[in-house]
Amino acid sequence: MAEVIGVRFKEVGKIYYFDPVNTKLNAGDKVIVETARGIECGVVALANKDVPEEEIVFPLKPLIRVATENDLNHIAENKRREKEAFGICEKKIAEHGLEMNLVDVEYTFDNNKILFYFTADGRVDFRALVKDLASVFRTRIELRQIGVRDEAKMLGGLGVCGRPFCCHSFMGDFQPVSIKMAKEQGLSLSPVKISGTCGRLMCCLKYEQEAYTDLLKRTPKVGAIVKTPEGKGIVVENNLISGILKVKLDSAPEGIAPAAFKVREVKLLKDGYIRMNKKEIEDLKHLEE
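Residues numbered from 1 in each chain as written. Predicted model: local features only at pLDDT ≥ 70, side-chain atom pairs only at ≥ 80, totals over all residues. Heavy atoms only, no water.

The number of helices and strands found in the protein is eight helices and 13 strands. In terms of overall dimensions, the protein is more spread out than a globule: its C-alpha atoms have a radius of gyration of 27 Å, far above the 19 Å expected for 289 residues. Here the C-alpha coordinates of the protein stretch approximately 85 × 55 × 30 Å along the principal axes. Residue pairs at least 24 apart in sequence account for 57% of intrachain contacts in the protein once pairs closer than 6 positions are excluded. Accessible surface, the protein: about 17,600 Å² in total, of which carbon and sulfur atoms supply 52%. Treating the 45 positive side-chain charges of the protein as one cloud and the 43 negative ones as another, the clouds have centres 5 Å apart. (Helix = DSSP H or I, 4+ residues; strand = E, 2+ residues; numbered from the N terminus. Rg over C-alpha atoms; globule rule 2.2 N^0.38 Å. Contact = heavy atoms within 4.5 Å. Areas by Shrake-Rupley, 256 points an atom, 1.4 Å probe, with all protein chains shown as cover. Lys, Arg positive; Asp, Glu negative; His and termini not counted. Charge placed at Lys NZ, Arg CZ, Asp CG, Glu CD.)

See below:
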């Protein structure tokens, strides 16, 4: 076991372990640490704790110091400079006629580098832009192309549910989301219904999937043959949340509406399966990217 602290550098970013060097810290404390890209200021997300050594990526970098008032003033000054740099970069992008959308600008704590985050439909030759920016700011410049999910995480906003984006408010890392999940959850495969503001599949499909997977194990699927209190029939509709099945009974005359039963009232004789239309899935594949 080794004692560590967990530090975040983004409001809802990944947590990295550091050696506290015998310093007791609380969640929310601001600290100065050395990272792969230089000296950075982060926020303690996990106070001192012991973790198994196999969970640690060695060498474990040590805490440099708890952030001082001067450090906090320096960070505030960097934030001000980032806004100025954003405006300058937008003008330079226009001057170079580049098809790219600037999303965010970030100064490293030690001011050795400025990172410009942007989105674009394809690859962009920004070599001339980098040289131009370097001549203005007199420091290292890095342009980093990000995806639309990362853009939404950085900028934030309100989702179709009316709440702040999950990725911006509490999700540390993106998880893979698939069309198959939407199908298994009984959702309409209309892009408008299953995609978020970023234009990709809604992240909430992922963290609800475990519950739906469990319900699918216990709920006969559409096409299943079941035995009901009124006789044998085939499931034509199911509601995983309410646990209600609509069953077309073998004994029912043609044109009679399916009968409704609760899952616990029927016995499964032969299960159905979720039909996946290959063309439909292929047409929606871009939503998974």
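This part takes up the pattern of salt bridges. Side chains that carry opposite charge are capable of pairing whenever their charged atoms lie near each other. One pass over the full model with this rule turns up 17 salt bridges. Taking the shortest distance from any N to any O, the salt bridge between E82 and K79 comes out at 3.9 Å. Here E82 and its partner K79 are both found in helix α1 (residues 69-96), three residues apart, which amounts to about one turn of the helix. Between E142 and R144 there is a salt bridge; the shortest N-O distance is 2.5 Å. (Salt bridge = Lys/Arg side-chain N within 4 Å of Asp/Glu carboxyl O.)

What follows covers unusual backbone geometry. P59 follows F58 through a cis peptide bond whose omega is 0°. Tracing the sequence through the fold places P59 in the loop between β4 (38-51) and β5 (63-66). Even without being glycine, V21 reaches a positive phi, approximately 50°. In this model, R138 sits at a positive phi of 55°, which is unusual for a non-glycine residue. Take R138: it is sitting in the loop between α2 (127-137) and β8 (140-145). The exposed category is assigned to R138, whose relative accessible area is 72%. (Buried < 20%, exposed > 50% of the residue type's maximum accessible area, 1.4 Å probe, protein only.)

What follows concerns the nonpolar core. M100, F116, L133, F137 and L143 are the most contacted members of the largest nonpolar core, which has 17 residues in total. At the level of elements, α1, β6 (101-107), β7 (113-119), α2 and β8 are the ones that each hand at least two residues to this core. (Core = buried A, V, L, I, M, F, W, Y, C linked by side-chain atoms within 4.5 Å.)

Take the layout of surface pockets next. Each pocket or cavity is described by its volume, and for the largest pocket that value is around 1,700 Å³. Taken together, 48 residues make up the lining of the largest pocket; nearest its centre are R8, F9, K10, R37 and E106. The residue makeup of the lining of the largest pocket, split by class, is 24 nonpolar, six polar and 18 charged. Computed from the structure, the second largest pocket encloses a volume of approximately 440 Å³. Around the second largest pocket, the lining comprises 18 residues; the ones closest to its centre are K183, K221, V222, N238 and I274. Taken together, the elements giving at least two residues each to the lining of the second largest pocket come down to α5 (179-184), α7 (204-218) and β10 (231-239). For the lining of the second largest pocket, the residue count by class is eight nonpolar, six polar and four charged. (1 Å grid on protein atoms, 1.4 Å probe; cavity = no way out; pocket = protein on both sides within 12 Å on 5 of 7 lines; lining within 4 Å. Points joined across faces, edges and corners; volume = space filled by probe spheres on them. Nonpolar A, V, L, I, M, F, W, Y, C, P; charged D, E, K, R; others polar.)

Our focus in this paragraph is the pairing of strand β11 (residues 244-249). Only one face of β11 is buried, namely the one carrying L245, V247 and L249, since none of I244, K246 and K248 on the opposite face is buried. Pairing geometry for β10 and β11, over six bridges, is antiparallel. Residue pairing across strands places N238 opposite L245, the latter belonging to β11. The pairing of β11 with strand β12 (residues 259-262) spans four bridges and is classified as antiparallel. Along β12, the bridge assignment pairs V247 with A259. (Pairing = 2+ DSSP bridges.)

On the basis of which strands lie adjacent, the open sheet formed by five strands has the order β12-β11-β10-β9-β13 and antiparallel pairing. The sheet is open, and its two borders are formed by β12 and β13 (267-270), each paired with just one other strand. Within the sheet, the average angular offset between the axes of one strand and its neighbour, ignoring direction, is 45°. (Axes fitted to C-alpha atoms, helices over the stretch in contact; angles between N-to-C directions.)

Summed over the entire model, instances satisfying the criterion amount to zero disulfides. The thiol of C198 is unpaired, and the distance to the nearest cysteine sulfur, on C203, comes to 6.4 Å. (Disulfide = S-S within 2.5 Å.)

Below, the discussion takes up α2. All buried positions along α2 are accounted for by L129, D132, L133 and F137. Summarising the axial view, the buried residues of α2 lie within an arc of 120°, below the 170-degree limit, and thus occupy one face. In α2, the exposed residues that point more than 90 degrees away from the buried face are R127 and K131. Residues of α2 that are buried make contact with α1, β6, β7 and β8. Two residues or fewer past α2, R138 is found with a positive phi of approximately 55°. (Arc of directions from axis to C-beta.)

When helix α3 (residues 148-155) is considered as a whole, its buried residues turn out to be R149, E151, A152 and K153. Turning to α3, the residues buried within the fold contact β6, β7 and α4 (166-169). Positive phi appears at G156, one or two residues downstream of α3, with a value of about 75°.

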